[in-house]
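For reference, the chains in residue letters:
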Amino acid sequence: MSRPSDQALARAVELDREDSLAPFRDRFFLPAGKSGTAKRYFCGNSLGLQPRSVADLLRQELDDWARLAVDAHFHGATPWFSYHEVFRESMAAIVGALPGEVVVMNSLTANLHLMMTSFFRPDGPQRKILVEESAFPSDTYAVKSHLRLHGLDPVKDLIVARPRDGESCLRTADLEQLLEERGSEIALVMLPGVQYYTGELFDIGRITSAARKQGCTVGFDLAHAAGNVPLRLHDWGVDFAVWCTYKYLNAGPGAVAGCFVHQRHERRSDLPRLAGWWGNDPESRFRMHLIPDFQPADGADGWQLSNPPVLALAPLRASLGLFQEAGGMEALRSKSIRLTRFFEEQIELLDCPGLEVLTPADPDRRGAQLSIRIGQESEKVFRFLLDKDFVVDYRRPDVIRAAPVPLYNSFQDVLELCRCLGEGMGVVR
Ligand SMILES: Cc1ncc(COP(=O)(O)O)c(C=O)c1O
């Protein structure tokens with residue numbers, strides 16, 4: 001294998017030495033590679049690594065269950081009755097919300113359905129949904145199913161925003177223009193915070209403001225944005241947002257998802273919602289059948305359905321604790337910008353014909369992930385990387401996605417990945 005230039009290696013070593021977040025790597029389990037050394041893991045945009053403190057937090061809940069059984073609802077170390085409240089402050093900090101605007105519940109797609117039930121209110125000619133062309137399939141299915149629920153036509157009533165010919169990413173100005181021209185037809189704008197395929201970071205503030213000017217409701221899928229980039233959902237005036245916690249938020253496979261509802265909707269009685277007992281005002285929740293009419297709790301809590309899945313939530317406490325210890329999203333973002341820029345520079349230095357980074361070059365328009373179009377023999381290049389113990393992912397037809405995550409990736413990881421990518425490109429072609 002060819003070695004990276006001495007100069008590049010010295011620089012990566014120096015950058016890692018100066019990195020005050022470097023010690024956080026040891027707070028995670030890294031999967032072992034063939035030779036027994038850790039794999040170089042770049043799939044935190046898909047499944048974040050397990051924080052080492054997860055097992056203790058889980059064990060605490062198992063012990064409370066064993067020792068106290070039903071009494072742990074009120075007398076456990078962290079009472080289960082209000083377990084979801086533990087995440088209010090820390091999750092609000094991740095997405096830039098007021099504590100009452102966020103709740104952790106269900107899964108991302110389930111929350112998207114709950115939100116669209118309340119916030120997709122087609123009204124006469126303003127009845128369509130705006131999405132982007134390469135939306136994640138679960139979102140597309142959910143959106144189309146809501147159009148059908150309202151007796152609308154997923155072909156005619158879906159407006160699809162597309163990048164310009166020859167471009168991979170959507171321009172904010174084009175979205176603004178589309179909203180200005182067709183806003184009077186659009187009831188709901190449903191877009192990603194960070195696009196899963198290209199890694200493009202959408203300008204949520206500008207899009208929200210352009211949409212609201214036209215009287216559209218605005219929702220965001222933040223699966224690839226939460227824990228990746230700083231967000232200001234409250235200030236931007238987003239109506240609702242949903243996100244998962246198993247990617248950059250490291251809460252484990254299929255972990256419980258997040259949901260944001262802007263404060264201005266907190267007490268709206270005109271919004272229909274699918275109700276369940278945990279969304280009821282906690283003061284009257286246990287009066288049970290004595291109060292058969294639903295009295296929603298204030299804020300996002302009022303959209304909960306069921307009692308919190310404590311064993312599934314415990315890992316999220318471990319991860320959000322690490323975010324706080326690391327200094328929050330601003331500190332992580334500062335490293336992330338440098339790490340991803342370094343990644344991009346090293347790809348440029350490879351000077352491989354056919355290799356193209358689809359992700360915008362502007363740091364304000366991307367998070368951690370770079371999506372690299374490989375061109376010919378892309379799957380073989382991907383397999384080459386896997387064989388050398390690099391964990392990246394492959395999205396058809398020819399893109400490798402890799403996300404250096406500031407909590408556990410190093411500049412040397414990035415350098416090694418680029419070295420191996422260059423080698424792989426040489427070997428398979
Ligand atoms: C952008 C995006 N939206 C939605 C989903 C679906 O999430 P879930 O299966 O947790 O509902 C994913 C899953 O990876 C995703 O990446």
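Model, not experiment: these values are computed from the prediction.

(A) Region of the structure containing the sheet that holds strand β5 (residues 186-192). Pairing is mixed across the open sheet formed by 7 strands, whose spatial order is β2-β8-β7-β6-β5-β3-β4. Taken across any chain shown, the strands that pair with only one partner, and hence form the sheet edges, are β2 (102-105) and β4 (158-161). Strand-to-strand twist across the sheet, computed as the mean angle between neighbouring axes with direction ignored, equals 20°. Taken together, the 4 bridges between β2 and strand β8 (residues 257-261) define a ladder with antiparallel strand orientation.

(B) View of the site of the ligand. Around the ligand, a shell composed of L108, T109, F136, D139, D221, A223, H224, Y246 and K247 is seen. Residue D139 places a side-chain N or O atom 3.3 Å away from a nitrogen atom belonging to the ligand. In the environment of the ligand, an oxygen atom lies 2.6 Å from a nitrogen or oxygen atom belonging to the side chain of Y246. Protein contacts shield 81% of the accessible area of the ligand, which totals 390 Å² for the unbound molecule. Partitioned by chemical class, the residues of the shell around the ligand number 4 nonpolar, 2 polar and 3 charged.

(C) Spotlight on the sheet that holds strand β9 (residues 356-357). The strand order β9-β10-β13-β12 describes an open sheet built from 4 strands, whose pairing is antiparallel. The sheet terminates laterally at β9 and β12 (393-395), the two strands that pair on one side only. In this structure, strand β10 (residues 370-373) lies alongside strand β13 (residues 399-402), joined through 4 bridges in antiparallel fashion. Residue L370 lies in a different strand from β13, and its bridge partner there is A402. Its contacts with the sheet put helix α12 (residues 328-350) on β9, β10 and β13, and the angle it makes with β10 is roughly 15°.

(D) Up close: the packing of aromatic side chains. By the definition in use, this model includes 13 aromatic pairs. With 4.8 Å between their ring centres and 75° between their planes, W277 and W278 make a pair best called edge-to-face. Its relative accessible area of 1% is what places W278 among the buried residues. An aromatic cluster is defined as three or more aromatic residues linked by ring pairs; in this entry it consists of F74, F81, W277 and W278. Its end group placed over the ring of F29, R52 keeps NZ or CZ at 4.4 Å from the ring centre. The positively charged end of R285 is found above the aromatic ring belonging to W278, 4.0 Å away from the centroid.

(E) The domain arrangement of the protein chain, seen in detail. Each assigned domain of the protein chain is listed here: domain 1 (6-30 + 328-428) and domain 2 (58-323). Domain 1 and domain 2 are separated by 30 Å when their C-alpha centres are compared. Opposite the 28 residues of domain 1 that make contact, domain 2 presents 19 residues. Interface area, domain 1 with domain 2, both sides summed: about 2000 Å², of which 58% is carbon and sulfur.

(F) Spotlight on the packing of helix α4 (residues 88-95) against helix α11 (residues 310-325). In the contact formed by α4 and α11, the axes pass within 10 Å of each other and the chain directions differ by 55°. One element, α4, and the other, α11, form an angle in the oblique class. Here the hand of the crossing between α4 and α11 comes out left-handed. Residues S90, M91 and I94 of α4 lie in contact with α11, whose contacting residues are L316, L320, F323 and Q324. In the contact of α4 with α11, the residues fall into 5 nonpolar, 2 polar and no charged.

(G) Focus on the packing of α12 against helix α14 (residues 411-428). Put simply, α12 and α14 touch, their axes get as near as 9 Å, and they point 25° apart. Considering their axes alone, α12 and α14 lie roughly parallel with respect to each other. Relative to α14, α12 is oriented so that their crossing is right-handed. When α12 is examined against α14, the residues R338, L339, F342, F343, Q346, I347 and L350 are found in contact with a partner set consisting of F411, V414, L415, L417, C418, L421 and G422. Among the residues forming the contact of α12 with α14, the class breakdown is 11 nonpolar, 2 polar and 1 charged.

(H) Broad picture of the UniProt feature "modified residue: N6-(pyridoxal phosphate)lysine" (unreviewed entry) in the protein chain. In the numbering adopted here, UniProt assigns the feature "modified residue: N6-(pyridoxal phosphate)lysine" (unreviewed entry) to K247. Structurally, K247 can be placed in the loop between β7 (240-243) and β8. Owing to a relative accessible area of 10%, K247 belongs among the buried residues under this scheme. If we skip the residues at most four places from it in the chain, K247 touches G44, N45, S46, L47, G48, A223 and H224.

Definitions and cut-offs
Residues numbered from 1 in each chain as written. Predicted model: local features only at pLDDT ≥ 70, side-chain atom pairs only at ≥ 80, totals over all residues. Heavy atoms only, no water. Pairing = 2+ DSSP bridges. Helix = DSSP H or I, 4+ residues; strand = E, 2+ residues; numbered from the N terminus. Axes fitted to C-alpha atoms, helices over the stretch in contact; angles between N-to-C directions. Near = heavy atom within 4 Å. Polar contact = N/O pair within 3.5 Å; in protein donor to acceptor, adjacent residues only side chain to side chain. Areas by Shrake-Rupley, 256 points an atom, 1.4 Å probe, with all protein chains shown as cover. Nonpolar A, V, L, I, M, F, W, Y, C, P; charged D, E, K, R; others polar. Contact = heavy atoms within 4.5 Å. Phe/Tyr/Trp six-rings, centres within 6.5 Å; stacked < 30°, edge-to-face > 60°. Buried < 20%, exposed > 50% of the residue type's maximum accessible area, 1.4 Å probe, protein only. Lys NZ or Arg CZ within 6 Å of the ring centre and 35° of its normal. Domains from an automatic or database assignment. Buried area = accessible area lost by both parts, 1.4 Å probe. Parallel < 35°, antiparallel > 145°, perpendicular 65-115°, else oblique. Left-handed = near helix turned anticlockwise from the far one by under 90°. UniProt positions renumbered as here; feature names shortened; annotations may be inferred.

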